[in-house]
Amino acid sequence: MAQSSASNVAPIHTGGVLPAGSVAPNFTLHVTPDQTLTLGDLRGRPVILAFYPADWSPVCGDQMALYNEILPEFRKFGAELLGVSVDGAWCHDAFAQNRHLHFPLLADFEPKGAVARQYGAYRAADGFCERALFVVDKEGMIAWSYCSPVAVNPGADGILQALEDLPK
Amino acid sequence: MATLKVPVTAEDHAQGPESADVTLVEYGDYECPHCGHAYRVVQQVQKRFGKRLRFVFRNFPLNEMHPNAEAAAEVAEFAGAQGKFWEMHDRLFENQERLGEALFLDLGEELKLSTIALRQALEQGTFEARVRADFKGGVRSGVNGTPTFVINGHRHDGSFDFETLVSAIHEAMGTAKSA
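Residues numbered from 1 in each chain as written. Chains lettered and ligands numbered in written order. Predicted model: local features only at pLDDT ≥ 70, side-chain atom pairs only at ≥ 80, totals over all residues.

Participant: How would you explain the overall build of chain B if you had to name every residue and give the values?
Facilitator: What chain B contains, in helices and strands, is 7 helices and 5 strands. Helices and strands appear in chain B in the N-to-C order β-β-α-β-α-α-α-α-α-β-β-α. Expected size for 179 residues packed as a compact globule is a radius of gyration near 16 Å; at 16 Å, chain B falls within 12% of this value. Within the span of chain B, comprising 179 residues, buried residues form 42% of the whole. Long-range pairs, those at least 24 residues apart, make up 75% of the contacts in chain B with a sequence separation of at least 6. (Helix = DSSP H or I, 4+ residues; strand = E, 2+ residues; numbered from the N terminus. Rg over C-alpha atoms; globule rule 2.2 N^0.38 Å. Buried ≥ 20, exposed ≤ 12 C-beta atoms within 10 Å, placed from the backbone. Contact = placed C-beta atoms within 7 Å.)

In structure tokens, the structure reads:
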């Protein structure tokens, strides 16, 4: 069924998260209230996109806290980690400070969930992102993707395996 | 189902015989209150199974959340290098709310370890690599938080109250025997 509420957002990917081999849709999102980040600017190194439902909910906290601890391992691959949810930049700011996060959280806030929709990682009925992971290679192609049940912390082993499997 | 990617070896800190029917591995953090609770539960579980159970503890300090977790893990490893891992492990959990250098030195003294060497090991990060190796192995084995238990190589996704752990271990014993 068509979702009229999403008519201002295109293209929308339906039927699961974008698979490996797809071009990672480019985007520009707020990373702080007055700064934006563009995915294309990170071309040349791997990027981990971690979509998650919401700041502050206990499971997300666990997942983001875990990634925060594992950050040095991701950086060994030269990879950049970006968290993405529909929370606003001010909310992200407070959350990141509270949890001492050392990686950026992007606000997929306006139009709400527009980037998540392009990646097939939006739960329209709930109004928030899936718990979906993407590893984007240095050419901007999706090398690996995974969508976890929303209540389950997907951990980091899949991400590390995908980074290891990237061509050198 | 997540499985243990780093097999248990003689390098591990283990209680109970290698020939035990079931090996229970815990990935834990000395500053994590849930691990503090699990510490008591594991003791009961060990009492229940006796020599049929081998228990292994590996480090998974969440340093951003728990500022004393890494040092505590290194203190336990320091004691372990002198054959007193479990004595230190137990005392760290029993004094979880007082973690910090003063406690580490007190416990070192109590266990008749050189506090000079202990302080030096912490300053030089002598056991940092070992703790980090545990952590990395945990991440690859699907450890997403603490405590995480692994029973005969398979991550235990249920809760870690006494009854649930006992029944999961019983189940693993059944599988081990029929295999």
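Participant: Go over the overall build of chain A, please, and point to the residues and values.
Facilitator: When you go through chain A residue by residue, the secondary structure sums to 4 helices and 9 strands. For chain A, the α and β elements follow one another from N to C terminus as β-β-β-α-β-α-β-α-β-β-β-β-α. Taken over 168 residues, chain A has a buried fraction of 40%. Long-range contacts, defined as pairs at least 24 residues apart, comprise 67% of the intrachain contacts of chain A with a sequence gap of at least 6.

Participant: Account for the nonpolar core, naming residues and giving values.
Facilitator: Core analysis: the biggest nonpolar cluster contains 90 residues, and A:Ala50, A:Phe51, A:Cys129, B:Val75 and B:Ile169 have the highest contact counts within it. Ranked by the residues each element gives to this core, the list is headed by helix α2 (residues 69–81) of chain B, at 8 residues. Look past the residues within four positions of A:Cys129 in its chain and what remains in contact with it is A:Phe51, A:Tyr52, A:Pro53, A:Val84, A:Ser85, A:Val86, A:Asp108, A:Gly113, A:Ala116, A:Ala121, A:Tyr122 and A:Arg123. (Core = buried A, V, L, I, M, F, W, Y, C linked by C-beta atoms within 7 Å.)

Participant: I'd like a rundown of the interface of chain A and chain B, residues and numbers included.
Facilitator: How large an interface is tends to be reported as the accessible area lost when its parts come together. Between chain A and chain B, the residue contacts involve 13 residues of the former and 10 residues of the latter. Counting residues per element, the ones that place at least two in the side of chain A that touches chain B are α1 (58–76) and α4 (157–165) of chain A. Looking at the side of chain A that touches chain B residue by residue, the classes come out as 5 nonpolar, 4 polar and 4 charged. (Nonpolar A, V, L, I, M, F, W, Y, C, P; charged D, E, K, R; others polar.)

Participant: Residue-level account of the pairing of strand β9 (residues 142–148) of chain A, with values.
Facilitator: On any regular strand, side chains alternate: one points to one face of the sheet, the next to the other face. Residues and elements named next belong to chain A. Relative to β9, strand β8 (residues 131–136) is paired through 6 bridges, and the arrangement is antiparallel. Counted as the bridge partner of Leu133 is Tyr146 from β9. Linking two consecutive strands that pair antiparallel, namely β8 and β9, is a turn of 5 residues; a positive phi of about 90° is found at Gly140 within it. (Pairing = 2+ DSSP bridges.)

Participant: So what's going on with unusual backbone geometry? Which residues, and what values?
Facilitator: Residue A:Pro111 is bonded to the preceding A:Glu110 through a cis peptide linkage, with omega at -10°. Here A:Pro111 lies in the loop between β5 (105–107) and α3 (114–118). Put simply, B:Thr146 and B:Pro147 share a cis peptide bond, and its omega is -10°. Mapped onto the elements, B:Pro147 comes out in the loop between α6 (128–140) and β4 (148–151). The backbone of B:Lys112 sits at a positive phi, close to 60°, despite the residue not being glycine. Even without glycine at this site, B:Asn152 takes up a positive phi of about 45°. The residue B:Asn152 is located in the loop between β4 and β5 (154–156) in this model. You can call B:Asn152 buried: it has 21 C-beta atoms within 10 Å.

Participant: Kindly report on the sheet that holds strand β2 (residues 22–28) of chain B, identifying the contributing residues and their values.
Facilitator: Residues and elements named next belong to chain B. With mixed pairing, 5 strands are arranged side by side in an open sheet as β1-β3-β2-β4-β5. Among the strands making up the open sheet, the edge pair consists of β1 (13–15) and β5. Adjacent strand axes in the sheet meet at a mean angle of 25°, parallel and antiparallel pairs treated alike. Note that β2 and β4 share 4 bridges and pair antiparallel. Across the sheet, Glu26 pairs through a bridge with Phe149, a residue of β4. (Axes fitted to C-alpha atoms, helices over the stretch in contact; angles between N-to-C directions.)

Participant: Describe the confidence of the model for chain A, listing the residues and the values that go with them.
Facilitator: When the pLDDT values of chain A are averaged, the result is 90; 90% of them are 70 or greater. The model gives residues 1–10 of chain A a pLDDT under 50, and that stretch makes 8 contacts with residues more than four places away or in other chains. (pLDDT = per-residue confidence, 0-100.)

Participant: Could you give an account of the packing of α2(B) against α6(B), naming the residues involved and the relevant values?
Facilitator: Residues and elements named next belong to chain B. Axis separation between α2 and α6 bottoms out at 9 Å; the angle between their running directions is 110°. Considering their axes alone, α2 and α6 lie roughly perpendicular with respect to each other. You can see that α2 and α6 cross each other, and the crossing is right-handed. Across from Glu70, Ala73, Glu74 and Glu77 in α2, the residues of α6 making contact are Glu128, Arg130 and Val131. (Parallel < 35°, antiparallel > 145°, perpendicular 65-115°, else oblique. Left-handed = near helix turned anticlockwise from the far one by under 90°.)

Participant: Requested: an account of α2(B), with residues and values cited.
Facilitator: All names here are of chain B. In this model α2 runs 18 Å from its N-terminal to its C-terminal C-alpha over 13 residues, within 8% of the 18 Å that 1.5 Å per residue would give. Counting buried residues along α2, 11 of its 13 residues qualify, which places the element largely inside the surrounding structure. Three or more residues of α2 are buried, namely Ala69, Glu70, Ala71, Ala72, Ala73, Glu74, Val75, Ala76, Glu77, Phe78 and Ala79. Looking at the buried residues of α2, the elements they touch are β3 (53–59), α3 (85–94), α4 (101–110), α5 (115–124) and α6. Taken from the residues just after α2, Gly83 is the one with a positive phi, measuring 75°. (Expected span 1.5 Å × (residues − 1).)

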